[in-house]
Amino acid sequence: MTDGTGETLDQLCRQVERLVASVPGPLDRVRAQIGEAVLELQWARPGTVAVSATASVVATPVAAVAGTAGGHLLRAPLVGTFFRAGEPGAKPFIEVGDFVETGQQIGILEAMKLMNPIEADCSGRVLEILPGDGEGVEYDQPLVLIDPIGPE
């Protein structure tokens with residue numbers, strides 16, 4: 001790559017490999033971000049089999065997540081646990097392909113036992129819901145990819 005992204009990603013991978021070697025316990029996933037280069041870090045849950053540290057490093061440019069140049073990423077306003085529905089077993093607030101309006105609730109972010117509604121910051125078609133239900137998210141992490149178009 002001539003834009004430096006490949007070099008930045010290589011540097012990030014080396015730094016994360018050093019980090020992974022220094023943390024206690026098995027990891028499921030690693031996440032770190034510099035510019036458009038993204039890696040994830042997640043400890044294994046009790047009772048699950050963790051992958052090896054080197055196999056858990058996954059690099060994905062954010063541009064690849066965005067898919068199209070016209071996509072809009074709705075980002076996490078704080079650190080917490082992302083929920084797609086109002087309660088376990090309930091219908092999710094949104095599904096891929098749904099049209100959302102600005103201000104429409106698309107999920108819940110639990111932080112410090114407080115349930116924070118997450119609302120769409122633009123109108124458009126939901127292209128992708130990035131975190132899984134009940135998955136921990138970081139501040140400014142992409143949550144939902146929206147194609148900012150009008151309803152069909």
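(A) Focus on the pairing of strand S10 (residues 142–147). With 5 of 6 residues buried, S10 is to be regarded as a mostly interior element. Sheet analysis places strand S3 (residues 72–75) next to S10, joined by 4 bridges and oriented antiparallel. Bridge pairing links Leu73 to Leu145 in S10. Judged from the 4 bridges that link them, strand S8 (residues 124–129) and S10 form a sheet pairing that is antiparallel. When the sheet's bridge partners are listed, Ile129 is paired in S10 with Val144.

(B) Structural context of the pairing of S8. Looking at chain direction, strand S5 (residues 99–100) and S8 are connected through 2 bridges and run antiparallel. When the sheet's bridge partners are listed, Val100 is paired in S8 with Gly124.

(C) Looking closely at the side chain of Gln141. As for its placement among the helices and strands, Gln141 is situated in the loop between strand S9 (135–137) and S10. Given a relative accessible area of 6%, Gln141 falls into the buried group.

(D) The arrangement of unusual backbone geometry in detail. Non-glycine residue Met112 carries a positive phi angle of around 55°. Judged by its relative accessible area of 81%, Met112 falls in the exposed class. In this structure, Lys113 is a non-glycine residue whose phi angle is positive, near 70°. By the element assignment, Lys113 lies in the loop between strand S6 (105–111) and strand S7 (114–119). Overall, the relative accessible area of 72% leaves Lys113 in the exposed class.

(E) Up close: the environment of Val137. On the secondary structure map, Val137 appears in strand S9. Take Val137: its relative accessible area is 1%, and that puts it in the buried class. For the pair Val137 and Leu109, spaced 28 residues apart in sequence, the C-alpha to C-alpha distance is 8.6 Å. Residues contacting Val137, with those up to four places away along its chain left out, are Ala76, Leu78, Val79, Gly80, Phe82, Leu109, Pro131 and Leu143.

(F) Representation of the sheet that holds strand S4 (residues 80–83). Read from one edge to the other, the open sheet built from 4 strands follows the order S7-S6-S4-S9, with strand pairing classed as antiparallel. On the outer flanks of this sheet lie S7 and S9, each paired with one strand and no other. In this sheet, neighbouring strand axes are inclined to one another by 35° on average, regardless of whether the strands run parallel or antiparallel. Where S6 lies against S7, 6 bridges are found, and the strand directions are antiparallel. When the bridges of S7 are listed, Ala111 appears paired with Leu114.

Cut-offs applied
- Residues numbered from 1 in each chain as written.
- Predicted model: local features only at pLDDT ≥ 70, side-chain atom pairs only at ≥ 80, totals over all residues.
- Heavy atoms only, no water.
- Buried < 20%, exposed > 50% of the residue type's maximum accessible area, 1.4 Å probe, protein only.
- Helix = DSSP H or I, 4+ residues; strand = E, 2+ residues; numbered from the N terminus.
- Pairing = 2+ DSSP bridges.
- Contact = heavy atoms within 4.5 Å.
- Axes fitted to C-alpha atoms, helices over the stretch in contact; angles between N-to-C directions.

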